[in-house]
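Architecture and fold: a report
If you want the building blocks of each chain, they are given just below.
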Amino acid sequence: MNQNLKESIDLGNLPAHIAVIMDGNGRWAKQQGFADRIFGHRNALTAVRETIEGCGELGVGYLTLYAFSTENWNRPQSEVKALMSLLISTIHDELPTMMKNKVRLRSIGDISSLPANSQKVLQDAISQTANNTGLTLVLALSYSGKWDLVQATKQVALKVAAGELSSDAVNAEVIDQHLATAGMPDPDLMIRTGGDHRISNFMLWQLAYAELYIFEELFWPDFRKEHLHQAILDFQMRERRFGKTSEQVKREG
Ligand code: IPE
Ligand code: IPE
Ligand code: MG
């Protein structure tokens, strides 16, 4: 079954960038009979590994994982602390595998708000993997779409104030270049587990034309390669019109 799904994927029509809202860890823990939500976060590692491996095997260029949002700082301190230490241990433990699989790590978000030791482990892993030529894995940490637009707007405003940029020259491309995702293609496919149909302040600008795929019944710790394949196959059956008519799209092929 798994292999059939994978073999049905058209490698010439892969999403250039897949973004994932990894949701449902807390509900997964509860479903397993554990009162502590952290149990769900700890058991999400296999899902993360399978997603990275699955993207690498197919040749997807960019994978962004929404690991911690700006709003997640408002969770109970014990959960925030546990998530931060899980983050460090995961990056540390996965570094050899990332090197072996040629994964290049990047991050987007307000990294300066992370604890100093998390920042260091993250920066070290980013530096060590910087010359890898495989999948670019982007961790969204202390990230939100509104944060990104605010920081980009500030940079642009400073350039205008300094006379480096005319306000007339500000266009979508200029905004793109100042977002945390500068240089990356916009996500073509956004996957969300856990059944909620919302963006939760993820990449508000960059998701403008992303195809959304929601797993209604699946919590993130249960996500496996076959689910990734399923979402990509569904993506490949969609007609992306970008505002045009279906007839135009068919004519242009
Ligand atoms: C996603 O799972 C992980 C993070 C947001 C860090 P949740 O922790 O949001 O789990 P649910 O949605 O409450 O089940
Ligand atoms: C989105 O999940 C953020 C991450 C997966 C990091 P949330 O669980 O925080 O989203 P809401 O609160 O249900 O919108
Ligand atoms: Mg959630």
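In this text the structure is predicted, and so the values were computed from the model without any measurement. (Residues numbered from 1 in each chain as written. Chains lettered and ligands numbered in written order. Predicted model: local features only at pLDDT ≥ 70, side-chain atom pairs only at ≥ 80, totals over all residues. Heavy atoms only, no water.)

1. Section: the site of ligand 2
Heads up, the condition is: For this purpose, a residue is taken to be near a molecule or strand whenever a single non-hydrogen atom of the residue falls within 4 Å of it. Counting of polar contacts relies on pairs of N or O atoms within 3.5 Å, with two restrictions inside protein: one atom must be capable of donating a hydrogen and the other of accepting it, and residues adjacent in sequence are counted only when both atoms are side-chain atoms. We get accessible surface area from the Shrake-Rupley algorithm with a probe of 1.4 Å; when it comes to residues, only the shown protein chains can shield them. In this description a helix means any DSSP run of H or I spanning at least four residues, a strand means any run of E spanning at least two, and both kinds are numbered starting from the N terminus. Polar here means any residue outside two lists: the nonpolar Ala, Val, Leu, Ile, Met, Phe, Trp, Tyr, Cys and Pro, and the charged Asp, Glu, Lys and Arg; Gly therefore counts as polar.
Around ligand 2 sit Ile21, Met22, Asp23, Tyr66, Ala67, Phe68, Ser69, Asn72, Arg75, Arg192, Arg198 and Ser200, and that is every residue in its neighbourhood. A distance of 2.8 Å separates an oxygen atom of ligand 2 from a polar atom in the side chain of Arg198. Measuring from an oxygen atom of ligand 2, one finds a side-chain N or O atom of Ser200 at 2.6 Å. Contact with the protein chains hides 78% of the accessible area of ligand 2, taken as 390 Å² for the molecule alone. Looking at the shell around ligand 2, the element that brings in the most residues is strand 2 (residues 62–69), giving 4 residues. Partitioned by chemical class, the residues of the shell around ligand 2 number 5 nonpolar, 3 polar and 4 charged.

2. Observations regarding helix 7 (residues 145–161)
How we decide: Here the expected span of a helix is defined as 1.5 Å times the quantity of residues minus one. Only protein chains enter the accessibility calculation, which uses a 1.4 Å probe; a residue whose area is less than 20% of its type maximum is buried, one above 50% is exposed, and one in between is partly exposed. Directions pointing from the helix axis toward each C-beta atom define the arc. The contact rule is simple, with two residues in contact once any of their heavy atoms fall within 4.5 Å.
With 17 residues, helix 7 extends 24 Å from end C-alpha to end C-alpha; this agrees with the ideal 24 Å at 1.5 Å per step. Taken residue by residue, helix 7 has Gly145, Asp148, Gln151, Ala152 and Val156 as its buried positions. Viewed end-on, helix 7 has its buried residues packed into an arc of 140°, placing them on one side of the element. For helix 7, the exposed residues set more than 90 degrees away from the buried face come down to Lys146, Lys154, Leu158 and Ala161. Considering only its buried residues, helix 7 is in contact with strand 4 (136–143) and helix 8 (172–178). Of the residues flanking the end of helix 7, it is Gly163, one or two places downstream, whose phi is positive at about 80°.

3. A closer look at the side chain of Glu211
Along the chain, Glu211 falls in strand 6 (residues 211–214). When sequence neighbours within four positions are dropped, the list of residues in contact with Glu211 reads Asp188, Leu189, Met190, Phe235, Arg238 and Arg240.

4. Thoughts on the environment of Glu252
When you line up the elements, Glu252 lands in helix 10 (residues 246–252). As a C-alpha pair, Glu252 and Val80 span 172 residues in sequence and 49 Å in three-dimensional space. For Glu252, the side chain forms a polar contact with the side chain of Lys244, separated by 3.1 Å.

5. Some thoughts on the site of ligand 1
Taken together, Met22, Asp23, Gly24, Asn25, Gly26, Arg27, Arg37, His41, Ala67, Asn72, Arg75 and Leu83 make up all the residues around ligand 1. Separating an oxygen atom of ligand 1 from a backbone N or O atom of Gly26 is a distance of 2.9 Å. In the complex, 87% of the free accessible area of ligand 1, which totals 380 Å², lies under the protein chains. A per-element tally of the shell around ligand 1 places helix 2 (residues 25–31) first, with 3 residues.

6. Remarks on the packing of aromatic side chains
Inclusion rule: Each Phe, Tyr or Trp ring, with Trp reduced to its six-membered ring, pairs with another whose centre is within 6.5 Å; inter-plane angles below 30 degrees give stacked pairs, above 60 give edge-to-face pairs, and intermediate values give tilted ones.
Tallied over the entire structure, the rule returns 11 aromatic pairs. Ring geometry for Tyr209 against Phe242: centres 5.1 Å apart, planes inclined by 50°, an arrangement best described as tilted. Highlighted residues: Tyr209 in the loop between strand 5 (189–192) and strand 6 and Phe242 in the loop between helix 9 (225–236) and helix 10, separated in sequence by 33 residues. On the basis of relative accessibility, which here comes to 46%, the residue Tyr209 falls in the partly exposed class. Its relative accessible area of 48% is what places Phe242 among the partly exposed residues.

7. Overview of the sheet that holds strand 6
Just so we agree on the cut-off: A strand pair is defined by DSSP finding two or more bridges across the two strands. Each axis is a line fitted through C-alpha atoms, and for a helix only the stretch in contact is used; angles between axes span 0 to 180 degrees, taken between their N-to-C directions.
Spatially, 6 strands are ordered 3-4-2-1-5-6 in an open sheet, and the strand pairing comes out parallel. On the outer flanks of this sheet lie strand 3 (104–108) and strand 6, each paired with one strand and no other. Neighbour-to-neighbour, the strand axes of this sheet turn through a mean angle of 20°, independent of strand direction. With 5 bridges connecting them, strand 1 (residues 17–21) and strand 2 associate as parallel partners.

8. A closer look at the packing of helix 5 (residues 77–100) against helix 6 (residues 116–128)
Let me state the cut-off plainly: Throughout, the term roughly parallel applies to angles under 35 degrees, roughly antiparallel to angles over 145, roughly perpendicular to angles from 65 to 115, and oblique to all others. Crossing handedness: left-handed means the near helix sits turned counterclockwise from the far one by under a right angle, and right-handed means the same turn made clockwise.
At a minimum axis distance of 9 Å, the contact between helix 5 and helix 6 shows a crossing angle of 15°. Classified by the interaxial angle, the pair formed by helix 5 and helix 6 is roughly parallel. Our pair here, helix 5 against helix 6, has a crossing hand that is left-handed. Facing Met84, Ile88, Ile91, His92, Leu95 and Met99 of helix 5, the residues of helix 6 in contact are Asn117, Ser118, Val121, Leu122, Ala125 and Gln128. Of the residues belonging to the contact of helix 5 with helix 6, the class tally is 8 nonpolar, 4 polar and no charged.

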